[in-house]
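Residue-level listing of the chains:
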Amino acid sequence: MDAVRLIGVSRSALAGSTAVLEVVAEAWQAQALAQAIGSHLAATGPPELRGEARGLSETGGRGCGALDHPGLRIGGIRAAQLSEVSDARQTLTGLGALLGDVGMALVGVACATDEEGLYWQCIEAIDAADESSDRVRGMLRRLTVREQERRPGALRDSTAGPS
């Protein structure tokens, strides 16, 4: 399944989560998706994104580790369905929005819980989502630079004098 579609499914599932364990499970799913997208882009994405994409994959993996996932739904790990990233910019923009949603949902869980263990899991997962978001923004900046460099007339020879 294409990354953009998986991100849409994840955002919908997170928005529909009402119970604490559902929110935690969806946050875990989002980090697993960030890890999978990072791995995919590191292997097959534009060369200028590959280093940052490896970092996104590692950060997503840490985000998964920060959360226990007892509430994973029967559907299993959604990120395992990732088959392609057809549009890197659209994927990264959507992933950034999903990670922002995850952070906000986890803040809500952390503020509402009386369980110290769950609170600290949420705090660690919020940090991981924030770090993943930073990686995504970095990759989007690199894509912008690449696109500007490829535009005709974008780079002018600064050593050439007036005609």
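Calculation notes
- Throughout this document, residue positions are counted from 1 along each chain, in the order its sequence is written.
- Reporting in this predicted model follows two pLDDT cut-offs: at least 70 for local features of residues, and 80 or more for side-chain atom pairs to be given and counted; totals over whole chains, interfaces and linings ignore these cut-offs and use all residues.
- Where side-chain values are given, they derive from all heavy atoms of the structure, hydrogens and water being excluded.
- Per the convention used, a helix needs a DSSP run of H or I reaching at least four residues, while a strand needs a run of E reaching at least two, with both numbered from the N terminus.
- When a residue's accessible area, from a 1.4 Å probe over protein chains only, is under 20% of the maximum for its type it is buried; when over 50% it is exposed; and in between it is partly exposed.
- Whether two residues touch is decided by their heavy atoms; if any such pair falls within 4.5 Å, the residues are in contact.
- Here the open area of atoms and residues is found with the Shrake-Rupley method and a 1.4 Å probe, where only the protein chains shown may cover a residue.
- Here, axes are lines fitted to C-alpha atoms. For helices the fit covers the stretch in contact, and angles between N-to-C directions go from 0 to 180 degrees.
- Roughly parallel refers to an angle under 35 degrees, roughly antiparallel to one over 145, roughly perpendicular to one between 65 and 115, and oblique to any angle outside these ranges.
- Handedness of a crossing follows from how the near helix is turned relative to the far one, being left-handed for an anticlockwise turn of less than a right angle and right-handed for a clockwise one.
- Centre distance within 6.5 Å is the pairing criterion for rings of Phe, Tyr and Trp, where only the six-membered ring of Trp is used; planes under 30 degrees apart are then read as stacked, over 60 as edge-to-face, and the remainder as tilted.

Trainee: Any details on the overall build of the chain? Residues and values, ideally.
Mentor: A count of helices and strands for the chain gives five helices and zero strands. Mapped in sequence order, the helices and strands of the chain form the string α-α-α-α-α. Burial analysis of the chain (163 residues in total) assigns 44% to the buried set. Counting only contacts in the chain whose residues sit at least 6 apart along the sequence, the fraction spanning at least 24 positions is 79%. Carbon and sulfur atoms make up 52% of the accessible area of the chain, which amounts to about 8,700 Å² in all.

Trainee: Outline the packing of helix α2 (residues 20-44) against helix α5 (residues 116-150), supporting the account with residue identities and numerical values.
Mentor: The N-to-C vectors of α2 and α5 enclose an angle of 30°; their axes lie 11 Å apart at closest approach. One way to sum up the angle between α2 and α5 is to call them roughly parallel. Judged by the twist between their axes, the crossing of α2 over α5 is left-handed. Note on element contacts: α5 touches α2 through Leu118, Ala125, Ala128, Ala129 and Ser132, opposite Val20, Val24 and Gln31.

Trainee: Which residues make up the packing of aromatic side chains, and what values do they have?
Mentor: Counted under the stated rule, the structure contains one aromatic pair. Ring geometry for Tyr119 versus Trp120: centroids 5.0 Å apart, planes at 85°, classification edge-to-face. Judged by relative accessible area, which is 31%, Tyr119 ranks as partly exposed. What makes Trp120 partly exposed here is its relative accessible area of 43%.

These values are about where atoms sit, not about what they do.
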